[in-house]
Amino acid sequence: MDLSVIIPVYNEEESLEPLIHEVRSVLDLLGRNSEIIVVDDGSTDGTYPILRRLYRMEPRLKALCLKRNFGQTAAVAAGLAYAQGDIILAMDGDGQNDPKDIPALLSKLDEGFDLVSGWRFPRMDPFWSRRLPSRIANGLISWITRVPLHDYGCMLKAMRRDIAKELRLYGEMHRFIPAIAFERGAKITEIKVHHRPRRWGKSKYSIARIFPVLLDLLTVKFLLSYATRPLHIFGLIGLMSGGIGFLIAVYLTLEKILYRVAIGGRPLLLLSILLIVIGFQFITMGLLGEMLARTYHESQDKPIYVVKEILDERKRV
Ligand code: UDP
Ligand code: MG
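Heads up: these notes are all about the structure in this document. Keep in mind the model is a prediction, meaning the values are calculated, not measured.

1. Considerations on the pattern of salt bridges
Logical step 1: In this structure the tally under the stated criterion is 19 salt bridges.
Logical step 2: One salt bridge in this structure joins Arg60 and Asp28, with 2.8 Å as the shortest N-O distance. Of this pair, Arg60 sits in the loop between helix H2 (47–57) and strand E3 (61–65) while Asp28 sits in helix H1 (residues 13–30), and the two are 32 residues apart along the sequence.
Logical step 3: The network of salt bridges with shared partners includes Glu12, Asp94, Arg198 and Lys204.

2. What to know about unusual backbone geometry
Logical step 1: Of note, the amide linkage connecting Phe121 to Pro122 takes the cis form, showing an omega dihedral of -10 degrees.
Logical step 2: When you line up the elements, Pro122 lands in the loop between strand E5 (115–120) and helix H5 (127–145).
Logical step 3: In this structure, Asn11 is a non-glycine residue whose phi angle is positive, near 50 degrees.
Logical step 4: Within the element layout of this structure, Asn11 appears in the loop between strand E1 (3–9) and H1.
Logical step 5: Its identity as a non-glycine residue notwithstanding, Asp301 has a phi of 55 degrees, on the positive side.
Logical step 6: Position of Asp301 relative to the elements: it lies in the segment after helix H10 (267–299).

3. Considering the coordination of the magnesium ion (ligand 2)
Ideal geometry at a metal centre: 109.5 degrees between donors when four sit tetrahedrally, and 90 or 180 degrees when six sit octahedrally.
Logical step 1: Of the protein atoms, only Asp94 (OD) and Gln96 (OE1) coordinate the magnesium ion (ligand 2), at distances of 1.9 to 2.0 Å. When sorted by exposure, Asp94 lands in the same class as Gln96, which is buried.

4. Let's talk about the sheet that holds E1
Note: strands within a sheet are paired through backbone hydrogen bonds, in either parallel or antiparallel orientation.
Logical step 1: Taking strand neighbours across the sheet as the criterion, the seven strands line up as E3-E2-E1-E4-E6-E5-E7 in an open arrangement whose pairing is mixed. With one partner strand each, in any of the chains shown, E3 and strand E7 (188–193) form the two edges of the open sheet. Recorded for the sheet is a direction-independent mean angle of 20 degrees between the axes of neighbouring strands.

5. Overview of H5
Logical step 1: The terminal C-alpha atoms of H5, which comprises 19 residues, lie 25 Å apart, in line with the 27 Å expected from a rise of 1.5 Å per residue.
Logical step 2: Buried residues of H5: Arg130, Pro133, Ser134, Asn138, Ile141, Ser142 and Thr145, and no others. Down the axis, H5 shows its buried residues gathered within 165 degrees of arc, on one side only. In H5, the exposed residues that point more than 90 degrees away from the buried face are Trp128, Arg135, Ile136 and Trp143.
Logical step 3: Packed against the buried residues of H5 are helix H7 (177–183) and helix H8 (210–226).

Reading guide: rules and limits
- Residues numbered from 1 in each chain as written.
- Chains lettered and ligands numbered in written order.
- Predicted model: local features only at pLDDT ≥ 70, side-chain atom pairs only at ≥ 80, totals over all residues.
- Heavy atoms only, no water.
- Salt bridge = Lys/Arg side-chain N within 4 Å of Asp/Glu carboxyl O.
- Helix = DSSP H or I, 4+ residues; strand = E, 2+ residues; numbered from the N terminus.
- Donors = N, O, S within 2.8 Å, 3.2 Å for Na, K, Ca; no water.
- Buried < 20%, exposed > 50% of the residue type's maximum accessible area, 1.4 Å probe, protein only.
- Pairing = 2+ DSSP bridges.
- Axes fitted to C-alpha atoms, helices over the stretch in contact; angles between N-to-C directions.
- Expected span 1.5 Å × (residues − 1).
- Arc of directions from axis to C-beta.
- Contact = heavy atoms within 4.5 Å.

Rendered as structure tokens:
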């Protein structure tokens with residue numbers, strides 16, 4: 001299998017059929033051995049019967065129906081796990097991504113990249129509720145993860161199999177796929193792709209999604225930078241806090257001994273104690289983190305590095 005196209009759908013009864021037809025005609029032209037994996041994320045409208053009908057009509061189509069609505073990230077993860085292609089491509093099921101961009105994504109991969117992400121340009125969504133928050137989120141994500149992409153929210157992306165199979169997605173993390181892949185050493189790029197207004201159905205998200213996204217960003221940043229060395233971050237905060245607390249305590253003690261000043265009721269004393277206690281707690285948390293990190297990596301045999309190639313006499317073919 002050369003190519004797997006993953007499409008998560010949740011209540012997209014009107015969009016699904018036209019989209020599958022578009023994808024088919026693009027795949028026909030590509031002439032690669034491909035499969036279309038539609039993940040029905042617990043739709044409650046007419047999506048399922050339509051999917052069954054399409055399944056009988058199109059031999060490349062595979063349908064994965066989840067028991068209930070697990071969310072877009074879970075649906076994508078289900079598709080990734082099921083996919084067999086050497087190249088795995090994901091796109092929205094609402095028709096906002098244009099399947100005609102697929103060949104351009106694939107040719108970028110042929111240039112040697114491991115992951116190509118779409119950049120919806122121009123973006124066909126309302127300004128205040130979607131484009132502005134998304135612009136801010138993209139800036140923030142690029143800055144914090146240090147993976148400079150213009151559009152993290154775009155589902156249309158293509159990646160090599162090994163990258164896709166390694167992803168472990170939780171929460172709303174499908175949007176951090178490029179950042180996670182980058183940490184594993186993948187070569188990443190983006191290309192501009194078409195974006196179309198939603199013609200049918202409605203968006204499954206509201207502005208409230210920024211909160212989960214922000215929290216996930218925190219998780220991703222932590223995992224990317226400190227998963228193998230939690231004590232470096234917690235311990236640093238702990239040392240600084242404890243150190244400042246200690247200095248204040250020394251100062252108060254000197255005042256007490258040398259100048260016989262009463263220090264019992266001083267706010268500084270409270271502050272000093274607070275900082276020292278917090279410092280100890282952060283260091284302890286870091287040590288616990290170190291133990292968890294070992295369990296995490298060793299329980300799944302997940303090394304802290306990624307090998308690209310091995311040159312070894314015995315492995316010569
Ligand atoms: N989706 C899903 N499960 C969900 C929510 C959304 O599979 O719980 C799918 C949805 O059907 C669509 C894609 O994820 O194919 C993107 O959703 P949507 O178009 O609502 O997001 P937007 O484009 O508005 O960001
Ligand atoms: Mg959409």
